[in-house]
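Okay, here's what each chain looks like letter by letter:
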Amino acid sequence: MAKPIYRSNTAAGLLRDGENIFAKMTENAELFPNPDPDLPAFESSLDAYRDAYAAATFRDKRAVVLKSQKGQELQKAIYQLSRYVDAVADGDEAVILAAGYRPTRSPINRIGRTPRAENLRVENPEVGTGLIRLRIKPWRHARLYQFEYRGKGTAEWATVIHNKSVLEVSDLEMLQEYEFRASYLGTDTSPNYSDVITARVV
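All of the points below concern the structure found in this document. Since the structure is predicted, the reported quantities are computational estimates derived from the model, not experimental observations. (Residues numbered from 1 in each chain as written. Predicted model: local features only at pLDDT ≥ 70, side-chain atom pairs only at ≥ 80, totals over all residues. Heavy atoms only, no water.)

**As for unusual backbone geometry**
Okay, step 1: In this structure, the amide linkage connecting aspartate 36 to the following residue, proline 37, adopts the cis form with an omega of 0 degrees.
Okay, step 2: Its place among the elements puts proline 37 in the loop between helix H1 (11-27) and helix H2 (39-55).
Okay, step 3: A positive phi angle, near 50 degrees, is found at aspartate 90, a position not held by glycine.
Okay, step 4: Its place among the elements puts aspartate 90 in the loop between helix H3 (61-89) and helix H4 (93-98).
Okay, step 5: Given the relative accessible area of 56%, aspartate 90 is considered exposed. (Helix = DSSP H or I, 4+ residues; strand = E, 2+ residues; numbered from the N terminus. Buried < 20%, exposed > 50% of the residue type's maximum accessible area, 1.4 Å probe, protein only.)

**Side note on the packing of H1 against H2**
Okay, step 1: Packing of H1 against H2 leaves a shortest axis separation of 10 Å and a crossing angle of 155 degrees. Taken together, H1 and H2 sit at an angle that is classed as roughly antiparallel. As for how H1 packs across H2, the hand of that crossing is left-handed. Along its contact with H1, which presents Ala11, Ala12, Leu14, Leu15, Gly18, Glu19, Ile21, Phe22, Met25 and Thr26, the element H2 presents Leu39, Phe42, Glu43, Leu46, Tyr49, Arg50 and Tyr53.
Okay, step 2: Considered class by class, the residues forming the contact of H1 with H2 number twelve nonpolar, two polar and three charged. (Axes fitted to C-alpha atoms, helices over the stretch in contact; angles between N-to-C directions. Parallel < 35°, antiparallel > 145°, perpendicular 65-115°, else oblique. Left-handed = near helix turned anticlockwise from the far one by under 90°. Contact = heavy atoms within 4.5 Å. Nonpolar A, V, L, I, M, F, W, Y, C, P; charged D, E, K, R; others polar.)

**Focus on the nonpolar core**
Okay, step 1: By size, the foremost hydrophobic cluster in this structure holds 23 residues, and its most contacted members are Met25, Phe32, Phe42 and Tyr101.
Okay, step 2: Counting residues per element, the ones that place at least two in this core are H1, H2, H3 and H4.
Okay, step 3: Broken down by element, this core gets its largest block of residues, seven residues, from H3.
Okay, step 4: With residues near it in sequence (within four places) discarded, tyrosine 101 still touches Pro4, Ile5, Tyr6, Ile21, Ile78, Leu81, Ser82, Val85 and Ile96.
Okay, step 5: Listed in part, the 19 residues of the second largest apolar core include Ile132, Val169, Leu172 and Phe180. (Core = buried A, V, L, I, M, F, W, Y, C linked by side-chain atoms within 4.5 Å.)

Next comes the structure, spelled out in structure tokens:
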């Protein structure tokens with residue numbers, strides 16, 4: 001669910017964000033009937049910071065201190081107003097943008113569809129033991145890895161869910177050919193399989 005945020009890392013950025021929030025909240029006043037703080041109070045904090053910001057450009061020590069104080073007051077007003085916007089928007093990104101804030105992005109929106117698993121490899125680490133080692137290229141957003149295998153020419157896949165990108169399988173028949181595939185499992189839990197690899201157990 002999206003929430004309103006702002007990222008002012010500089011004095012100029014704080015002033016710019018404050019002016020944008022005030023302009024948007026004024027422009028879309030019908031969406032925000034009872035802002036807290038109200039817009040006149042917010043405008044007063046914004047004007048005080050704008051004046052202090054301009055005065056501090058002359059490097060007067062007192063003016064620099066006042067700019068810092070007025071900046072803290074404006075940041076507090078922006079934060080308090082963001083809580084009101086959050087309650088009104090209830091996760092709606094369009095409403096958050098209408099208030100002049102940036103919406104956060106959920107992991108699902110940020111990551112999207114689980115990508116196709118890449119670079120599946122099948123290894124015989126110890127010849128004569130029937131042991132197969134499967135490797136898939138790691139994906140940093142993967143919560144788990146889903147490995148599947150079946151005897152070549154059969155219909156049903158055996159599935160192993162594992163927390164690492166490497167899996168050893170030991171219950172296979174010697175000298176038989178098997179098919180292997182794998183998928184990442186992230187926020188989107190729908191498998192997106194790799195290419196199928198065929199290998200003989202030796």
